[in-house]
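What follows is the residue order along each chain.
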Amino acid sequence: MFHALVSIKQVPDTTNIRIDPETGNLIRQGVPTILNPYDAHAVASAVEWKRKLGGKVTVISMGPPAAVSSIRECIEMGADRGILLSARQFSGADTLATSYVLASTIEAVHAEDPIDLVFFGKQAIDGDTAQVGPGVASRLNMPMVTYAIAIREVNTDERYAVIERKTETRNESIKASLPAALTCEKDIAEIPFASLPDLIASLRYEPEVWTAESPIAFDPAQIGLKGSPTTVFKTGTPEKHVAGEVVKTVDVGVETAVKMVLDRLAMMADGNTILGMVRQ
Amino acid sequence: MIRRFWVYIEQEDGKIHPVAWELLGVARRLATEIQDELEQTGDQACVEGVLIGENVEGLAAEVFQYGADRVYVADAPVFKHYLNNIYTTALVSMAQKHQPEVLLIGATTLGRDLAGSVATTLRTGLTADCTQLQMGVGRDSTRKLLLMTRPAFGGNVIATIICKNHLPQMATVRPRVFPAALPEPGRKGEIIRETISIAEEAINAQILAFIPNDSSGVKIEYADVIVAGGRGVGGSAGFALLKELADELGGVVGASRPCVDAGWISYDHQVGQTGKTVRPKLYIAAGISGAIQHKVGMQDADFVLAINRDAHAPIFETATAGIVGDLFEVVPNMIQQIRVLKEADND
Ligand SMILES: Cc1cc2nc3c(=O)[nH]c(=O)nc-3n(C[C@H](O)[C@H](O)[C@H](O)COP(=O)(O)OP(=O)(O)OC[C@H]3O[C@@H](n4cnc5c(N)ncnc54)[C@H](O)[C@@H]3O)c2cc1C
Ligand SMILES: Nc1ncnc2c1ncn2[C@@H]1O[C@H](COP(=O)(O)O)[C@@H](O)[C@H]1O
């Protein structure tokens, strides 16, 4: 039996984020949330392997109660069990505190029901840190394959998986001993269409909610704001770019518009004209 | 006391990643920013590189030229290829031994993989993808801290992060965000050889094969000129036109996400939050509306030229120059004018 665990996060849909022009703070209210896109692909891959090998997929997420909807989305895709880690004390966690909570949870699940693969998204689109996966794997002493684009083989008897990852220069095929962890690119699997039974199951699904005290008594010094070595010192809005000169072809014609722009390019600040640069 | 500013010198197959030179430049500047504190305390600041690999000691000479005072070298067959667990073990044990105050790592695929594991194992903080780094006095701290500034929430907010009570203060920085340090030929430093023992059971993964990937050709993140297309380009034929312009400019082609989703061009060309962050000298955005997720990937280009039919497209807010017009008229004309200019130049 194959057991995969996927660590998922619900994130604000950054397309719709607005900033309060007065305070410079994020307006959270009314911002729609989505399942982190990379995590969705991770779930899809886990489910694919479950279908191939027989077994089960557990998803875990640390987040506010509203994150239930993202867990349901995973059930809809074919996951079997969902655990939501939700408590006031968890909030304000940076990646170190997050990795502590997730790693402890994975350990607890593993103790009851041994895990073969732990899936993460490549990164969460709200923070874009890509730190949580490697952090959890280090805590659990598991091999970590980041930027995975394909799982070629999972051998639960001989306890290894072959995973392909993409680096800046090439792809690497890595044989990792199980249990292993990976962070997923979108290529890892296509998002499936939900089957009717999964769809129905997801509608009524209520994930288990784990708090800071139960079933695991988390060390209060290691969770949430308290457990986070990094703190926000200040925030601001990015400098607004000064909009440049715009010419309209309807006003000056295509030829002149292009010529004006090329002239501007020729005067680039560093005296190193683009055309000059190109000619070198 | 020595206050150590560390830079992880990323190398693969004996080739140092240029982000290391950029980070050495940053580390040197940070070290000078605590000059006042050094004068008061009599402490000393050192910029130091960490090099892990097999047969890499020879690379240290170059690291000194870019400003390192000292290089710690872990050179052994077990470090031949990067593997998360093995490199983490090495960097962690060196950091525990020498107690750097700051540790900078390039936000490359390798660097991000390493940084997350090292920070967690050292139980310290890590701030990813910093766009500004400075030594400054944080709230209720007497000693200067590393002020780590980065965009958050898809570029909508700029946050400055500190890591007050834990060392090292760790940050990753994307390539091309900071200028490279200027090498000083003949500059020398001290090599410290480190012996790291890796237990057999720590080797929990192995590389079976390296497979060249189709992206080996395009490296938009390092290009000086990018001609990017969006939905307005209409299809792969439109991208062929952009490629022609890119070739004239010695550049590469970029794309917005919908074009990648539609299969007009491969993912390696995607610019933006879920694609690559680029910093070219020239970025031409043709038929791209300028959604925030796209802008965060390209807004640091030196010169942005927007070409769009719609005068109200948000891309014009980010542009250094813009042409409101049909890209299918503008781009061919631009190719033609550039060719004429080049010919004139050759005469
Ligand atoms: C979580 C998330 C992550 C995302 N990540 C990314 C990302 O990494 N990168 C990214 O690019 N997007 C990303 N997006 C998508 C982003 O929100 C926008 O939808 C996308 O950037 C729009 O692409 P576009 O500008 O090509 O298309 P559109 O917004 O449709 O704009 C097309 C433009 O072309 C112009 N046009 C049409 N025809 C012509 C013509 N003949 N001549 C001149 N102009 C013409 C139109 O006026 C219009 O402005 C992400 C979205 C989400 C939710
Ligand atoms: N709060 C969370 N709960 C569960 N998984 C998370 C959480 N935060 C991050 N992750 C996982 O870690 C990955 C990387 O996140 P990040 O390091 O924040 O970019 C995500 O794609 C998720 O798989």
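From a predicted model like this one, the values you see are computed outputs, not experimental measurements. (Residues numbered from 1 in each chain as written. Chains lettered and ligands numbered in written order. Predicted model: local features only at pLDDT ≥ 70, side-chain atom pairs only at ≥ 80, totals over all residues. Heavy atoms only, no water.)

Participant: What should I look at first to understand empty space enclosed by the protein in this one?
Facilitator: Over the atoms rolls a probe the size of a water molecule, and in doing so it shows where empty space is left. For the structure on display, the rule yields 4 cavities of 30 Å³ or more. Size it by volume and the largest cavity reaches roughly 110 Å³. What lines the largest cavity is a set of 16 residues, among which Met-144 and Ile-174 of chain A together with Leu-83, Asn-84 and Ala-205 of chain B lie closest to the centre. For the lining of the largest cavity, the secondary structure elements donating two or more residues are β9 (144–155) and β11 (171–177) of chain A together with α4 (84–98) of chain B. By residue class, the composition of the lining of the largest cavity is 9 nonpolar, 4 polar and 3 charged. What lines the second largest cavity is simply Asp-94, Thr-95, Leu-96, Ser-99 and Gln-131 of chain A together with Gly-116, Ala-119, Thr-120, Thr-124, Gly-125 and Leu-126 of chain B. Every element with two or more residues in the lining of the second largest cavity is listed here: α3 (95–112) of chain A together with α5 (109–121) of chain B. (1 Å grid on protein atoms, 1.4 Å probe; cavity = no way out; pocket = protein on both sides within 12 Å on 5 of 7 lines; lining within 4 Å. Points joined across faces, edges and corners; volume = space filled by probe spheres on them. Helix = DSSP H or I, 4+ residues; strand = E, 2+ residues; numbered from the N terminus. Nonpolar A, V, L, I, M, F, W, Y, C, P; charged D, E, K, R; others polar.)

Participant: I'm lost on the pairing of strand β10 (residues 157–163) of chain B in this one. Help?
Facilitator: Within a regular strand, side chains alternate between the sheet's two faces. A large share of β10 of chain B lies buried, amounting to 6 of its 7 residues. Bridge count for strand β14 (residues 230–236) of chain A against β10 of chain B is 6 bridges, and the pairing is antiparallel. The residue of β10 of chain B that forms the bridge with Thr-231 of chain A is Ile-162 of chain B. (Buried < 20%, exposed > 50% of the residue type's maximum accessible area, 1.4 Å probe, protein only. Pairing = 2+ DSSP bridges.)

Participant: Any chance you could explain the sheet that holds strand β10 (residues 160–166) of chain A here in plain terms?
Facilitator: Neighbouring strands of a sheet are bound in pairs by backbone hydrogen bonds; such pairs are parallel or else antiparallel. Spatial ordering of the open sheet is given by β13(A)-β7(A)-β6(A)-β1(A)-β8(A)-β12(A)-β9(A)-β10(A)-β11(A)-β13(B), a layout of 10 strands whose pairing is mixed. In this open sheet, the two edge strands, each paired with only one partner strand, are β13 (208–210) of chain A together with β13 (205–211) of chain B. The sheet shows a mean angle of 30° between the axes of neighbouring strands, taken without regard to direction. As paired elements, strand β1 (residues 2–7) of chain A and strand β8 (residues 117–121) of chain A share 3 bridges and run parallel to each other. Bridging across to β8 of chain A, Val-6 of chain A finds its partner in Phe-119 of chain A. Contacts from helix α4 (residues 132–140) of chain A reach β8, β9 and β12 (180–184) of chain A, with the element oriented near 60° to β9 of chain A. (Axes fitted to C-alpha atoms, helices over the stretch in contact; angles between N-to-C directions. Contact = heavy atoms within 4.5 Å.)

Participant: What is the right way to look at the interface of chain B and chain A in this model?
Facilitator: Note on interface size: it is often stated as the accessible area lost on association of the parts. The interface of chain B with chain A comprises 94 residues on the first partner and 82 residues on the second. Carbon and sulfur atoms supply 55% of the area that chain B and chain A bury against each other, a total of about 7400 Å² over both sides. Taken as a group, Thr-109, Arg-112 and Phe-153 of chain B account for 9% of the area that chain B buries against chain A, more than any other trio of residues on that side. Taken together, chain B and chain A are joined by 4 salt bridges. Here Arg-165 of chain A ties to Asp-113 of chain B by a salt bridge, and the two come within 3.8 Å at their closest N and O atoms. The tally of links between chain B and chain A comes to 32 residue pairs in polar contact (both at pLDDT 80 or more). In terms of residue count, the dominant contributor to the side of chain B that touches chain A is helix α10 (residues 327–346) of chain B (9 residues). Its residues assigned to classes, the side of chain B that touches chain A shows 38 nonpolar, 35 polar and 21 charged. (Buried area = accessible area lost by both parts, 1.4 Å probe. Salt bridge = Lys/Arg side-chain N within 4 Å of Asp/Glu carboxyl O. Polar contact = N/O pair within 3.5 Å; in protein donor to acceptor, adjacent residues only side chain to side chain.)

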